[in-house]
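# Close look at the chain arrangement
Each chain, letter by letter, is given below.
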Amino acid sequence: MWLRLGQFILKYRIPLLIILLALTGFMGYQASKMQLSYDFSRAIPTDNPKYKTYQEFKKKFGEDGNLLVIGIQTDKLFEEKIFNSYVVLQKDLRKVKAVEDVLAVTSAVNLVKDSASEKLKADTIFRDKKLTQAELDSSAAVFLNLPFYRGLLYNAETKAWLMGVRINKDIMNSSKRVAIVDEIKKLALQFGTDNNLEIHLSGLPMIRTELATRIAAEMNIFLVASLVLSALILLLFFRSVSSMTLSLVVVLIGVVWSVGTMQLFGYKITLLTALIPPLIVVIGIPNCIYFLNKFHTAYNEKGDKLKALTAMVDKMGIVTLFCNLAAAIGFAVFALTRSQILKEFGVVAGINIMLLFFISLILIPAVLSFLPPPKSRHTKYLDNPRLNRWLDRLERWSLNHRKLIYGITIAIVAFSVIGIFKLKSVGFIVDDLPKTDKIYTDLKFFETNFKGVMPLEIIVDTRQKNGLRRNAIKTFRNIDSLSQYITAQPTMARPLSIVEGMKFAKQAFFEGDSLSYTVPDENIMPALNDYLSFKKDSSGGNSFTKLVSTFMDSTKQQVRISVSMADVGSVRLPEILDSIQLRATQLFDTSKYTVQLTGTSVTFLEGSTYIINGLKESIAWAFLLIALCMLYLFKSFRILFCSLIPNIIPLIITAGVMGWTGIAIKPSTVLVFSVALGIAIDVTIRFLVNYKQELPRHGHNLKKTVIETIHSTGISIIYTSLVLIAGFIIFCFSGFGGTQALGWLTSLTLVTATITNLVLLPALLISIGEKRKK
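All residue numbers refer to position in the chain's written sequence, counted from 1. Confidence filtering applies because this is a predicted model: local features only for residues at pLDDT of at least 70, side-chain atom pairs given and counted only at 80 or more, and all residues used for totals across whole chains, interfaces and linings. Think of the side-chain values as coming from all heavy atoms in the structure, minus any hydrogens and water.

Let us now look at the overall build of the chain. Per the secondary structure count, the chain includes 25 helices and 10 strands. Counting only C-alpha atoms and orienting by the principal axes, one finds that the chain spans roughly 110 × 50 × 45 Å. Throughout, exposure labels follow a simple rule: accessible area from a 1.4 Å probe, protein chains only, divided by the maximum for the residue type, with under 20% read as buried, over 50% as exposed, and the rest as partly exposed. Within the chain, the fraction of its 774 residues that count as buried is 59%. Using a 1.4 Å probe, the Shrake-Rupley method yields the accessible areas, and only the shown protein chains count as cover for residues. Total accessible area computed for the chain in this model is approximately 32400 Å², and 60% of it derives from carbon and sulfur atoms. Of note, the chain has its 86 positive side-chain charges centred 12 Å away from the centre of its 58 negative side-chain charges. Only DSSP runs of H or I with at least four residues qualify as helices, and only runs of E with at least two residues qualify as strands; both kinds are numbered from the N terminus onward. Charge counting treats Lys and Arg as positive and Asp and Glu as negative, with His and both chain ends excluded. We put the charge of a Lys on NZ, of an Arg on CZ, of an Asp on CG and of a Glu on CD.

To continue, consider a nonpolar patch on the surface. Patch definition: residues above 30% relative accessible area lacking any salt bridge, with like charges linked at up to 9 Å and the nonpolar side chains Val, Leu, Ile, Met, Phe, Trp and Tyr linked at up to 5 Å. Definition used for salt bridges: Asp or Glu carboxyl oxygen within 4 Å of a side-chain nitrogen of Lys or Arg. On the surface, Phe 26, Leu 264, Phe 265 and Ile 351 cluster together into a nonpolar patch covering about 350 Å² of accessible area. With respect to the element layout, Phe 26 can be found in helix H2 (residues 13-31).

This brings us to the sheet that holds strand S10 (residues 594-598). Either a parallel or an antiparallel arrangement is found when strands of a sheet pair, and the pairing is made through backbone hydrogen bonds. Strand order in the open sheet made by the 3 strands is S9-S8-S10, with antiparallel pairing throughout. Of all the strands in the sheet, the pair left with one neighbour each is strand S9 (558-565) and S10. Each strand of the sheet is rotated relative to its neighbour by a mean of 20°, with strand direction disregarded. Here a strand pair is declared whenever DSSP counts at least two bridges between the two strands. As a rule, the C-alpha atoms of each element are fitted with a line to give its axis, helices using only the stretch in contact, and angles between N-to-C directions run from 0 to 180 degrees.

A word on the pairing of strand S1 (residues 67-73). S1 sits mainly inside the fold: 5 of its 7 residues count as buried. Summarising the sheet, S1 and strand S6 (residues 160-167) pair through 7 bridges and their orientation is antiparallel. Paired with Gln 73 across the two strands is Ala 160, which belongs to S6. By the bridge criterion, 3 bridges tie S1 to strand S7 (residues 200-202) in an arrangement that is antiparallel. Across the sheet, Val 69 pairs through a bridge with Ser 202, a residue of S7.

Turning next to the state of the cysteines. Defined by distance alone, a disulfide is two cysteine sulfur atoms within 2.5 Å. The final tally for this structure, using the stated rule, is 0 disulfides. Of all cysteine sulfurs, the one in Cys 323 lies closest to Cys 288, which takes part in no disulfide; the gap is 13 Å. What makes Cys 288 buried here is its relative accessible area of 1%.

Next up on the list: the confidence of the model for the chain. Averaged over all residues, the pLDDT of the chain equals 84, while 94% of them reach at least 70. Confidence scores labelled pLDDT are given residue by residue by the predictor and lie between 0 and 100. Residue contacts follow a heavy-atom distance rule, with two residues in contact if any of their heavy atoms lie within 4.5 Å. Low pLDDT, under 50, characterises residues 537-543; the predicted model gives this stretch 17 contacts beyond four residues in sequence or across chains.

Two rings from Phe, Tyr or Trp (for Trp, the six-membered ring) form a pair when their centres sit within 6.5 Å of each other. Planes less than 30 degrees apart are called stacked, planes more than 60 degrees apart edge-to-face, and all others tilted. Overall, the coordinates contain 28 aromatic pairs when judged by the stated rule. For a ring to carry a charge above it, either NZ of a lysine or CZ of an arginine must fall within 6 Å of the ring centroid while also lying within 35 degrees of the normal to the ring plane. It is Lys 113 that lies over the ring of Phe 509; its NZ or CZ is 4.3 Å from the centre.

Our focus in this paragraph is the environment of Thr 475. Tracing the chain through its elements places Thr 475 in helix H16 (residues 472-487). Sequence-wise, Thr 475 and Leu 587 are 112 residues apart; in three dimensions their C-alpha atoms are separated by 9.2 Å. Here Thr 475 is in contact with Leu 468, Arg 470, Phe 588 and Tyr 593, once residues within four sequence places are set aside.

Right, let's get into the nonpolar core. Throughout this description, the term nonpolar core refers to a set of buried Ala, Val, Leu, Ile, Met, Phe, Trp, Tyr and Cys residues connected via side-chain atoms within 4.5 Å. Grouped together as the largest cluster of nonpolar side chains are 260 residues, with contacts concentrated most on Ile 70, Phe 143, Tyr 149, Ile 184 and Ile 685. Here this core gets 16 residues from one element, more than from any other, and that element is helix H23 (residues 667-694). Each residue touching Phe 143, except ones within four places of it in the same chain, is listed here: Phe 78, Val 105, Ala 108, Ile 125, Phe 126, Tyr 149, Tyr 154 and Trp 161.

So, about the packing of helix H14 (residues 402-420) against helix H22 (residues 637-661). At a minimum axis distance of 7 Å, the contact between H14 and H22 shows a crossing angle of 45°. Between H14 and H22, the crossing angle belongs to the class labelled oblique. Here H14 runs over H22; the crossing is left-handed. Contacts between H14 and H22 involve Thr 409, Ile 412, Val 413, Phe 415, Ser 416, Val 417, Ile 418, Gly 419 and Ile 420 from the first element and Ile 649, Ile 652, Ile 653, Ala 655, Gly 656, Gly 659 and Trp 660 from the second. Each residue gets one of three labels, nonpolar for Ala, Val, Leu, Ile, Met, Phe, Trp, Tyr, Cys and Pro, charged for Asp, Glu, Lys and Arg, and polar for the others, Gly among them. Taken together, the residues of the contact of H14 with H22 sort by class into 11 nonpolar, 5 polar and no charged. Any angle between 65 and 115 degrees counts as roughly perpendicular, while under 35 counts as roughly parallel, over 145 as roughly antiparallel, and the rest as oblique. Crossing handedness follows the turn of the near helix against the far one: under a right angle anticlockwise gives a left-handed crossing, and clockwise gives a right-handed one.

As a further point, take unusual backbone geometry. Trans is the prevailing form of peptide bonds, just as negative phi is the prevailing case for residues other than glycine. The phi torsion at Lys 159 lies on the positive side, around 60°, for a residue other than glycine. For Lys 159, the location among the structural elements is in the loop between strand S5 (154-155) and S6. The backbone of Asn 466 sits at a positive phi, close to 60°, despite the residue not being glycine. Here Asn 466 is to be found in the loop between strand S8 (454-461) and H16. With a relative accessible area of 40%, Asn 466 lands in the partly exposed category.

Here it is in structure tokens:
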């Protein structure tokens with residue numbers, strides 16, 4: 001079959017090349033329309049109850065993750081120069097397109113009792129003009145007497161000040177967000193420069209925009225780096241510019257097809273799918289090396305270029321097919337998970353690794369048929385004295401030191417298993433960033449001074465329209481009790497709710513007495529109700545009433561409690577959420593109220609859980625499917641056993657190293673195992689296929705066949721392993737910790753897989769073969 005296929009490709013090479021070129025042009029056009037993803041909630045299945053709750057929340061109350069925060073730390077904010085500059089910053093931010101509101105000290109309002117109209121009037125504390133120092137001192141005294149703003153806009157102890165910029169949710173989910181966030185950042189940094197203050201920027205809009213921008217930049221850098229590195233290795237290996245160029249063309253076509261596939265499926269570039277183009281380069285180059293290596297070997301034997309090309313397809317077609325199939329399975333199993341972001345990665349990677357096989361199969365023999373035959377310098381690598389000496393050593397080890405090999409292997413595996421028991425599973429929203437990164441340090445600034453910026457939302461549902469009017473005092477007291485419980489948590493800020501507005505109104509009713517900032521009781525509420533139809537503030541706007549109105553739905557059935565919290569990680573977060581849920585159950589009668597926790601913090605936890613569980617399942621699926629492929633290919637349980645052991649051990653060693661070095665299991669690190677298994681099994685397939693082909697030629701003499709297989713496949717296995725390891729090492733230079741871990745952990749797995757396949761696998765084949773003869 002493969003011989004005839006080789007003849008077919010050479011016979012119809014021109015039409016096949018035209019078709020390949022046309023398809024590449026089409027895919028290139030699709031790739032040109034590719035966009036970045038700005039949706040970070042797709043890790044959860046759409047039928048998940050918590051996902052549905054979050055979507056319902058957004059429909060009623062709007063986006064919870066569209067507040068960008070700007071922080072400064074100074075004890076001189078109320079000095080004339082700095083404060084007036086702060087006012088200008090706020091005004092300039094309001095002018096930025098897509099900025100809906102700016103919450104800051106400068107726009108703070110005070111509720112004032114108007115006895116004549118029997119209404120509460122919302123007056124701007126700081127007048128809309130350039131203030132003198134005396135005016136500032138007077139207004140500042142009023143502001144600092146209002147408990148409503150403590151912990152929200154400032155921290156009195158640390159002298160930290162916060163300005164919140166609310167951005168339009170539609171802009172936040174589009175490519176325009178980058179320009180908007182950049183403009184906000186520019187204005188804030190200019191204010192810092194003018195006043196010699198360090199500016200801290202955070203909030204989900206900032207974090208997500210920065211991450212998305214870096215993803216796009218890294219994708220381009222890694223793609224270029226992987227191509228350059230691959231080109232150098234190929235040139236060093238084959239000493240041929242034409243072979244190097246041909247290999248690069250193969251992987252570049254693969255890259256174009258991979259990005260085009262994303263567009264055809266309606267996907268966007270995410271942190272995961274951004275890795276696919278560099279991975280295509282890394283995986284595609286070994287295809288080229290094996291095809292070219294077999295072509296050069298066949299040409300040396302036959303002396304005829306066309307016969308050598310036919311032999312290349314005949315011998316390497318089935319091997320490369322199953323190698324790509326195994327690698328594709330390692331990635332495609334992610335499509336079996338329930339996480340949308342993993343499904344996209346699995347589908348695109350799996351499909352394009354298989355497409356890479358067909359691109360290689362058509363392009364390499366077709367193009368080589370037009371090029372002149374290889375010269376002696378191009379095939380000189382086939383007789384590399386240094387590598388041959390290493391292969392001789394491997395041969396002697398496999399034949400004469402099998403017990404020592406097994407002993408060392410058992411000791412390393414035992415040590416690794418101990419490390420596996422030290423593994424922990426934990427994830428943070430920004431834990432893939434270095435601890436010195438500005439995004440990370442700014443987030444820690446807000447956690448230190450304001451207890452964090454990650455949104456948590458609590459919905460109290462009265463289960464009937466106008467339900468908040470039913471026993472309102474008790475409901476408000478219970479909300480306040482829950483808020484106090486949350487405030488007492490070290491990683492959670494004071495919540496905002498309709499109750500905080502009621503407390504503020506009561507303070508105003510009692511002439512601004514800060515001691516009256518408490519929940520209104522049955523005696524005060526009737527009198528206070530008459531005052532609760534607010535008048536507009538002196539500046540014609542009313543940020544306070546707009547803010548309070550967002551904490552109750554239009555039917556007065558549900559009330560929202562908004563909390564900002566620290567990025568506590570996936571281990572502590574469920575404990576905190578469970579404690580809040582328990583406290584809510586104690587406070588609210590479950591037969592009359594429903595209390596639900598939602599928001600970005602909850603969806604992050606649920607998404608991380610789905611991704612980690614999905615990745616664990618994918619490893620099991622990868623083992624099963626690859627084992628079935630190996631069983632079909634070799635039709636022998638003995639060879640199946642021999643093939644899986646050298647690939648399971650590297651994964652155990654990698655997991656052990658993670659445990660000993662304290663690297664946690666999280667979405668970015670669990671990814672390593674399925675990817676490494678799918679790639680490492682290539683070496684096993686190439687070794688065992690050659691072993692099976694050589695066995696009849698050596699009269700089924702196991703030792704002679706193993707020796708021949710080590711020498712005939714060893715050089716190409718070492719070179720392809722070097723390409724793969726070098727390709728993944730590139731990821732170690734990423735700015736994301738998860739991508740760095742993917743780089744060095746996968747490289748470690750591939751190094752150990754190469755050693756086990758060239759040392760342990762031959763020893764197993766001989767040992768099991770000898771036992772079978774007995």
